[in-house]
Amino acid sequence: ALNHRAESGLGQNIDIAVVDAQIASLVNMGTNYLLSKEDPDRVGNEHANIVPYQVFEVNDGHLNVAIGNDEQFKKFCDIINRSDLSENQKYSTNIMRVSNRSQLIPILKQELKKHKKDYLVDKMEKMKVPGGPINKLSEVFAYLNGLNPFLSIEAKTHLESVAQIAAGPSQGSIVLLRKLNRS
């Protein structure tokens with residue numbers, strides 16, 4: 001449709017069924033079902049075929065860990081001072097980590113609670129281990145407002161009080177209200 005518009009100047013209708021889009025997002029679990037004909041267990045934020053690939057609680061918040069291969073797992077274990085885990089045959093390959101998920105994940109949960117989020121993110125970035133922080137909104141706005149002070153603006157609400165809103169790309173397209181204390 002975009003190419004057509006660029007070439008002809010005319011728009012086109014795009015018809016996408018929401019259910020089709022949702023089914024497409026089930027690529028991993030859907031493929032597992034289609035191959036095995038068995039309903040998979042619910043895994044929440046965990047990845048069905050890759051371990052560890054999920055959210056973990058850390059000392060001061062939460063961290064998303066997205067280990068995609070055995071070398072990344074080895075580096076991750078070095079970061080958390082548990083190289084013994086990557087050397088253990090039960091966890092040395094992704095296939096083994098998936099098979100032994102119920103034993104490995106509690107160990108990782110315990111270990112990760114010992115570390116602060118910023119420390120882990122810094123080490124993971126330096127060692128090219130995929131993942132990242134899960135920030136509270138206070139952390140998001142503190143960081144983003146440091147980069148661009150115009151990400152929040154003051155506006156009058158329908159009640160004529162003044163509120164601070166998150167300014168989206170069009171200066172106010174995303175509205176998150178927080179009443180300001182006025183003296």
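Values in this document were obtained by computation on a predicted structure and should not be read as measured data.

Engineer: Explain the environment of lysine 117 here, please?
Structural biologist: Examined against the element boundaries, lysine 117 turns out to sit in helix α8 (residues 117-126). Residue classification places lysine 117 among the buried positions, given a relative accessible area of 3%. On a C-alpha basis, the gap between lysine 117 and asparagine 135 in space is 9.6 Å, while along the polypeptide they are 18 residues apart. Here lysine 117 is in contact with Val58, Asp60, His62, Pro133, Ile134, Asn135 and Glu139, once residues within four sequence places are set aside. A distance of 3.4 Å separates a polar atom in the side chain of lysine 117 from a polar atom in the side chain of asparagine 135.

Engineer: Would you mind going over the side chain of arginine 97 with me for this structure?
Structural biologist: Mapped onto the elements of the fold, arginine 97 is located in helix α6 (residues 94-99). Judged by its relative accessible area of 0%, arginine 97 is buried. Apart from residues lying up to four places away in sequence, arginine 97 is in contact with Val51, Pro52, Asn69, Asp70, Phe73, Lys90, Tyr91, Ser92 and Leu104.

Engineer: How do you make sense of the nonpolar core when you look at a structure like this?
Structural biologist: Note that soluble globular proteins tend to have their nonpolar side chains buried in a common cluster. Formed by 21 residues in total, the largest nonpolar core has its most connected members in Phe76, Leu108, Leu120 and Met124. Those elements that place two or more of their residues in this core are β1 (53-58), β2 (61-66), α4 (70-79), α7 (101-112) and α8. Beyond its immediate chain neighbours, meaning those up to four positions away, leucine 108 contacts Pro52, Phe56, Phe76, Ile80 and Leu85.

Engineer: Would you mind going over the pattern of salt bridges with me for this structure?
Structural biologist: Oppositely charged side chains can pair when the atoms bearing their charge come close. All chains considered together, the criterion is met by 8 salt bridges. In this structure, arginine 101 and glutamate 46 form a salt bridge, with 3.0 Å as the shortest nitrogen-oxygen distance. A residue pair is termed long-range when its members are at least 10 positions apart, and arginine 101 in helix α7 and glutamate 46 in the loop between α3 (27-36) and β1 qualify at 55 residues. With a relative accessible area of 15%, arginine 101 lands in the buried category. Across the salt bridge formed by aspartate 78 and lysine 74, the nearest N and O atoms sit 3.8 Å from each other. With aspartate 78 and lysine 74 both in helix α4, this residue pair falls 4 residues apart, about one helical turn.

Engineer: Mind showing me how you'd approach the sheet that holds strand β3 (residues 131-134) here?
Structural biologist: As a general point, the strands of a sheet are linked pairwise by backbone hydrogen bonds and lie either parallel or antiparallel. Pairing within the open sheet is antiparallel, and its 3 strands lie in the order β1-β2-β3. Strands with a single pairing partner mark the edges of an open sheet, and in this sheet they are β1 and β3. Strand-to-strand, the axes of this sheet are offset by a mean angle of 25°, without reference to chain direction. The sheet contact formed by β1 and β2 spans 6 bridges and is antiparallel. In the sheet register, valine 58 faces β2, and the bridge partner there is glycine 61. Against the sheet, α8 contacts β1, β2 and β3, and its axis sits at roughly 20° relative to β2.

Engineer: I'm lost on the packing of aromatic side chains in this one. Help?
Structural biologist: Any two aromatic rings considered together are summarised by their centre-to-centre distance and by the angle between their planes. Following the criterion strictly, the structure yields 0 aromatic pairs and no others. Positioned over the ring face of phenylalanine 73 is arginine 97, at 4.2 Å from the centre of the ring.

What counts, and at which threshold
- Residues numbered from 1 in each chain as written.
- Predicted model: local features only at pLDDT ≥ 70, side-chain atom pairs only at ≥ 80, totals over all residues.
- Heavy atoms only, no water.
- Helix = DSSP H or I, 4+ residues; strand = E, 2+ residues; numbered from the N terminus.
- Buried < 20%, exposed > 50% of the residue type's maximum accessible area, 1.4 Å probe, protein only.
- Contact = heavy atoms within 4.5 Å.
- Polar contact = N/O pair within 3.5 Å; in protein donor to acceptor, adjacent residues only side chain to side chain.
- Core = buried A, V, L, I, M, F, W, Y, C linked by side-chain atoms within 4.5 Å.
- Salt bridge = Lys/Arg side-chain N within 4 Å of Asp/Glu carboxyl O.
- Pairing = 2+ DSSP bridges.
- Axes fitted to C-alpha atoms, helices over the stretch in contact; angles between N-to-C directions.
- Phe/Tyr/Trp six-rings, centres within 6.5 Å; stacked < 30°, edge-to-face > 60°.
- Lys NZ or Arg CZ within 6 Å of the ring centre and 35° of its normal.

So yeah, pure geometry; function would need other evidence.
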